[in-house]
Amino acid sequence: MPRGRYSLHDPHDHTPLGEEHFHCAPGPSGWRYVSQITAPSGDHAGSVDLTVDELGRPIRLELHAASWRVRAAALEGVTWVRTDPTGVEATEGNVRAHAFTGTSPAFLIAITRLLRLTPASPATRVRLVAFTDPVLAPRTVDQSWALRRSEAHATDNGPLTVDEYQVSELDTGEQHSVHISGDVVLAAPGIELEDLETPPSALP
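Residues numbered from 1 in each chain as written. Predicted model: local features only at pLDDT ≥ 70, side-chain atom pairs only at ≥ 80, totals over all residues. Heavy atoms only, no water.

In the annotation of an unreviewed UniProt entry, the entry for the protein reads Glycolipid-binding domain-containing protein, and the organism field reads Streptomyces niveus.

This is the structure we're talking about:
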């Protein structure tokens, strides 16, 4: 069960956004990721609880940020309920999309499990619902994912396979790289792995 800490920052001006303390593990239903997020001040800023099935589909997502809460799942596309800080009103949404995304590294792992790309695969288009901080506002985005290379690196615990993905934002044309090993993000825009207590899990 990988357990560790990511630092989060603005991918454009590198302003620190806080840290995400996580643990994740494959299980009989697929894969689950749980984390607590702290602000740069050290105060609690939110949480992520994501479960995907064996095909990478999001079967349960719960997000908390700035007193806002989202509960979501893959249902007739993707469906969610967003609750305001007072808890008085809740708004529902549904979009014909494949999965969810946001600032948490959990979403990058989940997308790779859903797409299951190989270096020989063509670039694959995916429609996502992004929950944007700090109020978890939903918006639909289209991305293109391609696995550029998969390389094994020698470590004290045996070879570690690192996958490098190229992600393109189809509305802006912006491209960036995401480096993943198993169920841990090693580096991505706005994300740095700062501490890892146990090696990544090798997901099927």
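We are not done yet, so read on.
**Regarding the packing of aromatic side chains**
Formally: Between the rings of Phe, Tyr and Trp (Trp by its six-membered ring), a pair exists once the centres lie within 6.5 Å; its type follows the angle of the planes, with under 30 degrees stacked, over 60 edge-to-face, and the other angles tilted. Secondary structure elements are taken from DSSP: a helix is a run of H or I of four residues or more, a strand is a run of E of two residues or more, and numbering for both begins at the N terminus. Only protein chains enter the calculation, and the probe is 1.4 Å; a residue is then buried if its accessible area is under 20% of its type maximum, exposed if over 50%, and partly exposed in between.
In total, this model carries six aromatic pairs according to the counting rule given. Measuring from centroid to centroid gives 5.6 Å for Trp145 and Tyr165, while their planes differ by 65°, and the two rings are edge-to-face. Taken together, the residues Trp145 in strand β11 (residues 137-153) and Tyr165 in strand β12 (residues 160-169) connect sequence positions 20 residues apart. Of the two residues, Trp145 and Tyr165, neither departs from the other in class, the shared state being buried.

**A short note on the pairing of strand β4 (residues 44-52)**
So the rule is basically this: Two strands qualify as a pair provided DSSP detects at least 2 bridges between them.
Of all nine residues that make up β4, seven are buried, and the element is covered over most of its length. As defined by bridge partners, strand β3 (residues 30-38) adjoins β4 across eight bridges and the pair is classed as antiparallel. Looking at β4, one finds that Thr38 is bridged to His44. Two successive antiparallel strands, β3 and β4, enclose a turn made up of five residues, where Gly42 displays a positive phi of approximately 100°. Note that β4 and strand β5 (residues 58-65) share seven bridges and pair antiparallel.

**Some remarks on the environment of Thr140**
Selection criterion: Only heavy atoms matter for contacts: two residues are in contact if any of them lie within 4.5 Å across the pair.
One can find Thr140 in strand β11. The sequence separation of Thr140 and Val129 amounts to eleven residues, and the corresponding C-alpha distance is 4.5 Å. Ignoring sequence-local partners within four residues, the contact set of Thr140 consists of Val95, Arg127, Leu128 and Val129.

**Observations concerning the side chain of Asp84**
Operational definition: Charged residues are defined here as Lys and Arg on the positive side and Asp and Glu on the negative side; His and the ends of the chain fall outside this count. We count a salt bridge whenever a side-chain nitrogen from Lys or Arg sits within 4 Å of a carboxyl oxygen from Asp or Glu. Here a polar contact is taken to be a pair of N or O atoms separated by no more than 3.5 Å, where protein atoms must pair a possible hydrogen donor with a possible acceptor and residues adjacent in sequence count only if both atoms sit in side chains.
Along the chain, Asp84 falls in the loop between β7 (78-83) and β8 (90-95). Although Asp84 is buried, it makes no salt bridge; Arg82 carries the closest opposite charge, 8.2 Å away. Looking at Asp84, its side chain comes within polar contact range of the main-chain nitrogen of Val88, at 3.5 Å. Once residues within four sequence positions are removed from consideration, Asp84 is found in contact with Ser67, Trp68 and Glu89.

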